[in-house]
Amino acid sequence: MSIVSPEHVSNDALLVAFANGDPIAAQTLTERLMPKLYAHAFHRLGHRADAEDVAQEAFLRLWKIAPNWKQDQAQVTTWLYRVVINLCQDWHRRKTPQDLASVHEPEDTARSPAEQMDEQYRHSALYAAMWDLPDRQRLAVQLRHIDELSNPEIAEIMELSIEAVESLIARGKRKLTEILQSQKPELGYSHG
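1. With respect to the overall build of the protein
Along the backbone of the protein there are 8 helices and 0 strands. Along the protein, helices and strands appear, N-terminal first, in the series α-α-α-α-α-α-α-α. Per element, the accessible surface of the protein, about 11,200 Å² overall, is 52% carbon and sulfur.

As structure tokens, this is what we get:
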């Protein structure tokens, strides 16, 4: 069975099609979800090669369980995010996070070098401040504001109620504001 128009097919249906031998389904699912999973892993790990490894490992695990997939138990995206989160936690147990100064951001030629440096400094400050958050707050803030997932999706991934997710995000944002408030002048913001 081959899917004719895979862009309109759900992730669950694509996984079932892959399990039934459709290589186009696997390609479509990978193209659809790999960038999001890689980005999530990169924000959690701060290192491109490790983020690639984590995202690829998550997909390898998905392909292995595809023949036994039960659509009524979880969404493919939820399952994959849980795997990526667990793999990132395992990575942190094994390694020390890379120094933020050594993480190179892609260059944006539309901005001046000074603007690029300011932006990189702000990004580094935010990234460092996020590490001062408790783990669950950091994860909730990242899933919501960096990965742009909905609160119900985050609740399913974190196995919490939507209200608990909303509370974690609100507390995380307040804590980030407190942490970054004292750095406003260094970040190029006036006191106002």
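That covers the picture; the talk isn't over yet.
2. Remarks on the packing of aromatic side chains
Enumeration over the complete set of coordinates arrives at 4 aromatic pairs. A ring pair is formed by F18 and W63, whose centres lie 4.6 Å apart and whose planes are at 45°; its orientation type is tilted. Of this pair, F18 sits in helix α1 (residues 11-19) while W63 sits in helix α3 (residues 48-65), and the two are 45 residues apart along the sequence. Of the residues examined, F18 reaches a relative accessible area of 24% and is grouped as partly exposed. For the ring pair F59 and W63, a centre distance of 5.4 Å and an interplane angle of 45° mean the geometry is tilted. In this pair, F59 and W63 are both assigned in helix α3, 4 residues apart and thus about one turn of the helix distant. Of the two residues, F59 and W63, both sit in the buried class. Counting every residue linked through ring pairs, the aromatic cluster contains F18, F59 and W63.

3. Let's talk about unusual backbone geometry
The phi torsion of most residues other than glycine is negative, and most of the peptide bonds are trans. Its identity is not glycine, yet E148 carries a phi of approximately 60°, on the positive side. The exposure class assigned to E148 is exposed, which follows from its relative accessible area of 63%. Non-glycine residue E159 carries a positive phi angle of around 55°. The residue E159 is located in the loop between α7 (151-158) and α8 (162-181) in this model.

4. A word on the nonpolar core
Across soluble globular proteins, nonpolar side chains show a tendency to be buried alongside one another. By size, the foremost hydrophobic cluster in this structure holds 42 residues, and its most contacted members are L15, L29, F59, L62, V76, L80 and L143. Elements that contribute at least two residues to this core include exactly α1, α2 (23-45), α3, α4 (76-94), α6 (135-146), α7 and α8. Those residues in contact with L62 that sit more than four places away from it in its chain are L15, L29, W69, V76, W79 and L80. Within the second largest apolar cluster, 8 residues are counted, among which are M130, L133, V141 and L176.

5. Some points on α3
End to end, α3 covers 26 Å across 18 residues, agreeing with the expected 26 Å (1.5 Å per residue, within 8%). Buried residues of α3: D50, A51, V54, A55, A58, F59, L62 and W63, and no others. Each element contacted by the buried residues of α3 is listed here: α1, α2 and α4.

6. Some details on the environment of E166
Within the element layout of this structure, E166 appears in helix α8. Taking the C-alpha atoms as reference points, E166 and I154, separated by 12 residues in sequence, lie 9.5 Å from one another.

7. Observations regarding the packing of α2 against α6
Contact pair α2 / α6: the axes reach a minimum separation of 11 Å and the direction vectors enclose 135°. Here α6 runs oblique to α2, going by the angle between their axes. When you trace α2 past α6, the crossing you get is right-handed. Residues H40, H43 and R44 of α2 touch α6, and the partners they reach there are L139, Q142, L143 and I146. Partitioned by chemical class, the residues of the contact of α2 with α6 number 3 nonpolar, 3 polar and 1 charged.

8. Focus on α7
All buried positions along α7 are accounted for by N151, I154, A155, I157 and M158. Projected down its long axis, α7 carries its buried residues within an arc of 165°, all on one side. Lining the buried residues of α7 we find α4, α6 and α8. Following α7 by one or two positions, E159 adopts a phi angle in the positive range, close to 55°.

Cut-offs and rules
Residues numbered from 1 in each chain as written. Predicted model: local features only at pLDDT ≥ 70, side-chain atom pairs only at ≥ 80, totals over all residues. Heavy atoms only, no water. Helix = DSSP H or I, 4+ residues; strand = E, 2+ residues; numbered from the N terminus. Areas by Shrake-Rupley, 256 points an atom, 1.4 Å probe, with all protein chains shown as cover. Phe/Tyr/Trp six-rings, centres within 6.5 Å; stacked < 30°, edge-to-face > 60°. Buried < 20%, exposed > 50% of the residue type's maximum accessible area, 1.4 Å probe, protein only. Core = buried A, V, L, I, M, F, W, Y, C linked by side-chain atoms within 4.5 Å. Contact = heavy atoms within 4.5 Å. Expected span 1.5 Å × (residues − 1). Axes fitted to C-alpha atoms, helices over the stretch in contact; angles between N-to-C directions. Parallel < 35°, antiparallel > 145°, perpendicular 65-115°, else oblique. Left-handed = near helix turned anticlockwise from the far one by under 90°. Nonpolar A, V, L, I, M, F, W, Y, C, P; charged D, E, K, R; others polar. Arc of directions from axis to C-beta.

This is a description of form; function is not addressed.
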